[in-house]
Amino acid sequence: MTTIRLWNSAARGKVDFTPIDPANVRMYVCGPTVYDRAHIGNARPAVVFDVLYRLLRHVYGEDHVTYVRNVTDIDDKINARAKETLQPGETPVEAIRRITGETTRWYFEDMKALGCLPPTHQPRATEYVPQMIAMIETLIANGKAYAAEGHVLFEVAKYPEYGALSGRSTDDMIAGARVEVAPFKRDPMDFVLWKPSEPDQPGWESPWGRGRPGWHIECSVMASELLGETFDIHGGGADLMFPHHENEIAQSRCACPEGQFAKLWMHNGMVNVDGRKMSKSLGNFLTVADMRGQAPGEVLRLALLSTHYRGVLDWTQQRIDEAADALAKWGGLVEGVDPSPSAASSVLEALGDDLNTPAAFAEMHRMAREGDAPGLAAAMALMGLKAPAAPEADGDLVERLLAARAEARAEKDFAAADAIRKGLDAAGIIVIDRKGEASEWRPGPNFDPAKLEAMR
RNA sequence: GGCGACGUGGCGGAGCGGUUACGCAGCGGAUUGCAAAUCCGUGUAGGCCGGUUCGACUCCGGCCGUCGCCUCCA
């Protein structure tokens, strides 16, 4: 059996992965807040943890892995967006449903295009509010939380291990204090479990009046409801380590003192665009929809995996181009080839070493060079990679142009022949001449139908 | 200010205390009327300064630089 070693953020080191129950390996990953198109930063964790999901299924069996990725559909950013886009005759709550429904659908489509398997469960926060209220009540009963002015706050001082995941002491946090200090907080570090809702905001009846849950409690509840009080892996972006994951740990451990919550924490690195942090003000904000306009989802997936998941990924055109070339080459090699029964052990070994996808690709390049098409096909299947569908080119037109070129060549009119070849080349049509036979051709990764059409 | 990560050849990007990463680009060759595609070959590295060691890109310390988090951003 392949040994899987994973970097545990909480321990700051690699550990051998040993499931609590090999018959049911359990993983939770923080999913998107559905108020807008998924961006490239949402895509990376989805793709990275999809690779881990596939690896775990390969090692422990397809029916022995439970993967939960939530959808946060209660959030003040959603409320703000609803207010901005309110349609005539629409209530604010209807607007919220419109936005969360639409963006959730977009998210599912985008992730599918990136080759991600659907997780076992994709719970929505709105489906778990009663359980959140119950967990908050438990925290109050345990003396870890307090109600004040319609809010319920978690009292950080009551959880001495707070900060263990991110390696911060509460003193450090206060030193950097940029925390909002509300008058009803006992301590600036205390964070919201429940807050009151205005009449035009979504709200649920609770022991503390009509209100809504805070962000952190959503994940704690959905994880324990679907995976239990102790489960194997919790994943998410590195920026979520503090405070989101720290707060999840505090809540869950205090609500279920006998449970451990996640045994292993994994964090993917951030994505930069052309060397800079992606932001709307810099104008380099990239959505998955934008990316899908640049290249097929399969290519984007390879590009997202081309650097190790813990490092910062710089998103550039060159990276996309190289991914497209590699995939086109591999796709040509494995077309019509039956994958070998199991992925090459070298590829499994690379992935098993803390998801070293670049090392796995090096192995795949080696297989391509050595002509091991079945092995390559198996490796691609394991990683959820496939060649993008060949673009449709106007075959009659290309054949006609090639015939004209052949005629020019026969008459030694090389200027005319070369003009046609250069045109086809510029259009991204790859022409392969063979001695004594008709030229073969196929659309390449840079095929541009408009340029081909212009040669008519 | 506090905490943390990272600095590898032209670019991307891994592993490794001593022996080729790999890919792209480049260069040379095969092939071609010239190309393309394909194949073969090949050069180029480890921020700076110290330390440990027979030996360091790899371990330790310092410095410099880049980036991130500390703001309900993946």
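Refer to the preceding data block for the structure.
Residues numbered from 1 in each chain as written. Chains lettered and ligands numbered in written order. Predicted model: local features only at pLDDT ≥ 70, side-chain atom pairs only at ≥ 80, totals over all residues. Heavy atoms only, no water.

Participant: Which residues make up the overall build of chain A, and what values do they have?
Facilitator: In terms of regular secondary structure, chain A is built from 16 helices and 15 strands. C-alpha extents for chain A along the principal axes are approximately 90 × 60 × 40 Å. Looking at chain A as a whole, 48% of its 456 residues are labelled buried. Look at the contacts in chain A between residues 6 or more apart in sequence, and 73% of them connect residues 24 or more apart. Surface exposure of chain A reaches about 21000 Å², of which carbon and sulfur atoms provide 50%. Measuring between centres, the 50 positive side-chain charges of chain A sit 3 Å from its 65 negative side-chain charges. (Helix = DSSP H or I, 4+ residues; strand = E, 2+ residues; numbered from the N terminus. Buried < 20%, exposed > 50% of the residue type's maximum accessible area, 1.4 Å probe, protein only. Contact = heavy atoms within 4.5 Å. Areas by Shrake-Rupley, 256 points an atom, 1.4 Å probe, with all protein chains shown as cover. Lys, Arg positive; Asp, Glu negative; His and termini not counted. Charge placed at Lys NZ, Arg CZ, Asp CG, Glu CD.)

Participant: Mind laying out the pairing of strand β2 (residues 13–16), listing which residues take part and the relevant values?
Facilitator: In the sheet, strand β1 (residues 5–8) pairs with β2 via four bridges, with the strands oriented antiparallel. Across the sheet, the residue bridging to R5 is D16, located in β2. (Pairing = 2+ DSSP bridges.)

Participant: Which residues make up the sheet that holds strand β3 (residues 25–29), and what values go with them?
Facilitator: Each strand in a sheet pairs with another by means of backbone hydrogen bonds, the pair being arranged parallel or else antiparallel. Overall, parallel pairing links the four strands, which are arranged β4-β3-β9-β10 in an open sheet. With partners counted over all chains shown, the strands left at the sheet margins are β4 (65–69) and β10 (261–268), one partner each. For this sheet, the mean inter-axis angle between neighbouring strands, taken without regard to orientation, is 20°. Relative to strand β9 (residues 230–237), β3 is paired through three bridges, and the arrangement is parallel. The partner of Y28 across the bridge, within β9, is H234. Most of the contacts of helix α1 (residues 40–60) go to β4, to which it runs at about 170°, and overall it touches β3, β4, β9 and β10. Strand contacts of helix α6 (residues 215–227): β3, β4, β9 and β10, with the helix running at about 160° to β3, the strand carrying the most contacts. (Axes fitted to C-alpha atoms, helices over the stretch in contact; angles between N-to-C directions.)

Participant: Outline the protein's contact with RNA strand B, supporting the account with residue identities and numerical values.
Facilitator: With respect to spatial proximity, 48 residues lie near RNA strand B, and among them K195, W215, L240, K277 and R421 are the closest. For RNA strand B, the fraction of atoms within 4 Å of the protein that belong to sugar or phosphate moieties is 54%. Between T307 and RNA strand B, the recorded distance is 3.1 Å, taken from a side-chain N or O atom to a phosphate oxygen. Between RNA strand B and R421 there is a distance of 2.4 Å, counted from a base oxygen to a side-chain nitrogen or oxygen. Of all the elements in the fold, those that place two or more residues in the surface near RNA strand B are α1, α2 (76–84), β9, α10 (317–334), α12 (357–370), α14 (395–410), α15 (414–426) and β14 (429–432). For the surface near RNA strand B, the element with the highest residue contribution is α12, accounting for five residues. The residue inventory of the surface near RNA strand B, partitioned by class, reads 14 nonpolar, 15 polar and 19 charged. (Near = heavy atom within 4 Å. Polar contact = N/O pair within 3.5 Å; in protein donor to acceptor, adjacent residues only side chain to side chain. Nonpolar A, V, L, I, M, F, W, Y, C, P; charged D, E, K, R; others polar.)

Participant: Any details on the nonpolar core? Residues and values, ideally.
Facilitator: Ranked by size, the top nonpolar core spans 72 residues in total, and within it W315 and M364 carry the most contacts. If one sorts the elements of this core by residue count, α1 sits on top with 13 residues. In contact with W315, not counting residues within four places along its chain, are I40, V271, N272, V273, D274, L286, M291, Q294, L300, A303, L304 and I320. If you look at the next biggest cluster of nonpolar residues, it comprises 41 residues, including M189, W194, L240 and A262. (Core = buried A, V, L, I, M, F, W, Y, C linked by side-chain atoms within 4.5 Å.)

Participant: Help me get a handle on the sheet that holds strand β12 (residues 276–277), residues and values and all.
Facilitator: On the basis of which strands lie adjacent, the open sheet formed by three strands has the order β12-β11-β13 and mixed pairing. Sheet topology places β12 and β13 (313–315) at the edges, where each strand pairs with a single neighbour. Relative to β12, strand β11 (residues 271–273) runs antiparallel, the two being bridged by two bridges. Bridge pairing links N272 to K277 in β12.

Participant: For the pattern of salt bridges, give the residues involved together with the corresponding values.
Facilitator: One pass over the structure, following the stated rule, counts 20 salt bridges. Residue E155 is joined to K158 by a salt bridge in which the shortest nitrogen-to-oxygen separation is 3.3 Å. We note a salt bridge from R366 to E363, for which the minimum N-O separation is 2.9 Å. Remark: E363 and R366 occur in helix α12; sequence separation between them is three residues, near one turn of the helix. Judged by its relative accessible area of 26%, R366 is partly exposed. For E363, a relative accessible area of 21% puts it in the partly exposed group. Three or more residues joined by partner-sharing salt bridges are found here, namely D36, R81 and E84. (Salt bridge = Lys/Arg side-chain N within 4 Å of Asp/Glu carboxyl O.)

Participant: An account of helix α7 (residues 241–255) is needed here, citing residue identities and associated values.
Facilitator: Compared with an ideal rise of 1.5 Å per residue, which puts 15 residues at 21 Å, α7 spans 20 Å between its outermost C-alpha atoms and is within 8% of the ideal. Along α7, 12 of the 15 residues are buried, which leaves the element largely enclosed by surrounding structure. Taken as a whole, α7 has its buried residues at M241, H244, H245, E246, N247, E248, I249, A250, Q251, S252, C254 and A255. On the buried face of α7, the contacting elements are α4 (129–141), β6 (151–154), β7 (191–196), α6, β9 and β10. (Expected span 1.5 Å × (residues − 1).)

Participant: Run through the packing of aromatic side chains, naming residues and quoting values.
Facilitator: Both the distance between ring centres and the angle between the ring planes are used here to describe each pair of aromatic rings. For the structure on display, the rule yields nine aromatic pairs. A centroid spacing of 4.9 Å and a plane angle of 50° characterise the contact between Y53 and Y67, whose relative ring orientation is tilted. Of this pair, Y53 sits in helix α1 while Y67 sits in strand β4, and the two are 14 residues apart along the sequence. By the burial criterion, Y53 is buried, and Y67 matches it. Relative to F191, the ring of Y162 has its centre 6.4 Å away and its plane inclined at 25°; by these criteria the two rings are stacked. With Y162 in the loop between β6 and α5 (170–175) and F191 in strand β7, this pair connects stretches of sequence that are 29 residues apart. For Y162, a relative accessible area of 5% gives the class buried. With a relative accessible area of 7%, F191 lands in the buried category. An aromatic cluster of at least three residues, connected via ring pairs, comprises F154, Y162 and F191. Its guanidinium or amino end placed over the ring of Y146, R186 lies 4.0 Å from that ring's centre, counting from NZ or CZ. (Phe/Tyr/Trp six-rings, centres within 6.5 Å; stacked < 30°, edge-to-face > 60°. Lys NZ or Arg CZ within 6 Å of the ring centre and 35° of its normal.)

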